[in-house]
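Per-entry structural report
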Amino acid sequence: MNVAVIGSTLNTYYGIEQIAKYHKIKALFALPPDLGLKKARYTNFEDQVNRYNFDIFYDEHNLKDENVVKKFKDLSLDLIIELGSSKIIPKEVIETAKCGCIGSHGGKLPYIRGGASMNWAIINGEDKWGVSLYHLTPDVDEGMPIETIDFNIELKDDINTVHNKSDLAVGKMLDNYLKDFKPGEKQASNLEVIKIPPSPKEYNWQEIVNWNRFVKSEYKKYKYSEKAIFLPQRKPQDGFIDWGSSSLEIYNFIRAQTGPFFPGAFTLYNNKKLFILESETTESFGYKYEIEPGKIIEIYEDGILIKTLDNILRIKRVRLEGLPEMWTEDFSYEKNLEIGDVLGR
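In this report, the structure presented in the accompanying data block is examined.

Conventions and cut-offs
Counting restarts for each chain: residues are numbered from 1 in the order of the written sequence. With pLDDT at 70 or above as the cut-off, local features in this predicted model cover only qualifying residues; side-chain atom pairs require 80 or more to be listed or tallied, and sums for whole chains, interfaces and linings still use all residues. For the side-chain quantities, the full set of heavy atoms in the structure was used; hydrogens and water were omitted. Each helix is a run of DSSP H or I of at least 4 residues and each strand a run of E of at least 2, with the numbering of both proceeding from the N terminus. Only the C-alpha atoms count toward the radius of gyration. The rule for a globule is 2.2 Å times the residue count to the power 0.38. Contact definition: two residues touch when any of their heavy atoms are within 4.5 Å. Only the protein chains shown count as cover for residues, and all accessible areas are computed by the Shrake-Rupley method using a 1.4 Å probe. The convention is simple: Lys and Arg are positive, Asp and Glu are negative, and His and the chain ends are not counted. Where a charge lies is defined by one atom per residue type, namely NZ (Lys), CZ (Arg), CG (Asp) and CD (Glu). DSSP bridges decide pairing: two strands pair if at least two such bridges lie between them. All axes here are fitted lines through C-alpha atoms, helices being fitted over the stretch that makes contact, and every angle between N-to-C directions spans 0 to 180 degrees. In protein, a polar contact means a hydrogen-donor-capable atom and an acceptor-capable atom, both N or O and within 3.5 Å, with residues adjacent in sequence counting only if both atoms are side-chain atoms; elsewhere, any N or O pair within 3.5 Å suffices.

**Some details on the overall build of the protein**
Broken down by element type, the protein carries 10 helices and 16 strands. In terms of overall size, the protein behaves like a compact globule, its C-alpha atoms giving a radius of gyration of 22 Å where 345 residues would be expected to give roughly 20 Å. Across the protein, the fraction of contacts at a sequence separation of at least 24, relative to all contacts at a separation of at least 6, is 68%. When the accessible surface of the protein is summed, it comes to about 16700 Å², and 49% of that surface belongs to carbon and sulfur atoms. Once the 45 positive and 52 negative side-chain charges of the protein are each reduced to a mean point, those two points are 3 Å apart.

**Quick word on the sheet that holds strand β10 (residues 228–231)**
Read from one edge of the open sheet, 3 strands run β6-β10-β9, paired in parallel fashion. The open sheet has two edge strands, β6 (112–114) and β9 (193–195), and neither has a second partner. On average, each strand axis in the sheet is inclined to that of its neighbour by 30 degrees, with strand direction left out of account. Here β9 runs beside β10; their pairing, made up of 3 bridges, is parallel. Across the sheet, V193 pairs through a bridge with A228, a residue of β10. Against the sheet, helix α8 (residues 205–222) touches β6, β9 and β10, its axis set at about 165 degrees to β10.

**What to know about the side chain of S85**
Note that S85 resides in the loop between β4 (79–82) and α5 (91–94). Side-chain polar atoms of S85 contact the backbone nitrogen of K87, separated by 3.1 Å. Ignoring any residue separated from it by four or fewer positions in sequence, one finds S85 in contact with I6, G7 and E60.

And the structure:
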C-alpha cells in the first residue's frame, strides 16, 4: 500500500517508524525549516528519508495550492496519514488517496476536539487522558475515531513527558490499524459542539487571566456532558501566571507549557517576562492569606518561595527575557532579589 504522511513533529517521526513496518511511504509533506522552527516539537527527517527512501516536500503550510494537490495525485496513493500537523487537510487532498486520510489527535474523540488539548489537560488537573486515531473529514476533528488509548498523567509529568506518552499510544494505534488494514467509516460525528473562543487579540494581562479562568470553567461545565468540547489553541501570551490561583493550579499551569518545545508560563519582573520553568508544591509554612499573592516569602538555595492564593510555591528554575535559563539561586544573586519583592507587575 502506498502512503503519504503529513506532519513535521516528533509525533510524525515516531509514526513513520510504525508505518514503514507495513507499507511503502511515498512522500512526507512537512513544514519548511523557517516555519517549522516556530512549531512545538519540530524535528528533522533526513535519516528516515535515507532509510525508507521517500520524498520530502516542504508544502505542509500550503496544502490547498493546486500544484501541491497535483503532487498528491501523482503519487497514486492508497492512504494519507496526518501526524502532528495543525493544518486543516482540505477535501481536495483527502480525495487523492483511495482510502482517504487518517490522523492522530491529542484528545479523546469525539468528545475532546481543538488545539493544545494536552496542554489543557494538565492545566485542568487531569490525571488520565486519551488520544485518538481517526478518519479525517474536511471539518476539523469531525471524523469518527478508529481507536482511542488512555494513559495516566502523573504529578511529576510535564507537557513534554505527556507528549511522549501520547507518541507511544499513537504508535500502538497505528500498529493495530496498519498491520491488518481495512478501510473504515469516514462519516462525521453528530454531537453538539461547544466551541470555546481563543484569547483576545487586543488584551491586558488581567484579560488573559480572565480568559484562562473562563476556559477552565467551560471545560469543567461540559466535561461530563454528551457534548463535544472544542478547545482553543494557546498563544505565547496565554502563559501569563495568575498568582491569585492555588499552588496546585499554578504548578499545573507551569508544567503544562514548559520548555524546551513550548513557550512557557511567565510572570513579570521589572517589566520583563520571567519564565518559570520548574516549580514544586510545598507543605504550608503557616503564611497568612492576607499576604499578597506573588510576593517572595523566602529565598533559599533550592528555590524561592512565592505566596499563592492558598499556600506557597517553590520556584526552582527560571529564564528572564533575553537571558539564559538559571536556577533561582543564581537568578536571585544576579538580580539582587529581596524578600518582599512582588512578581507579576
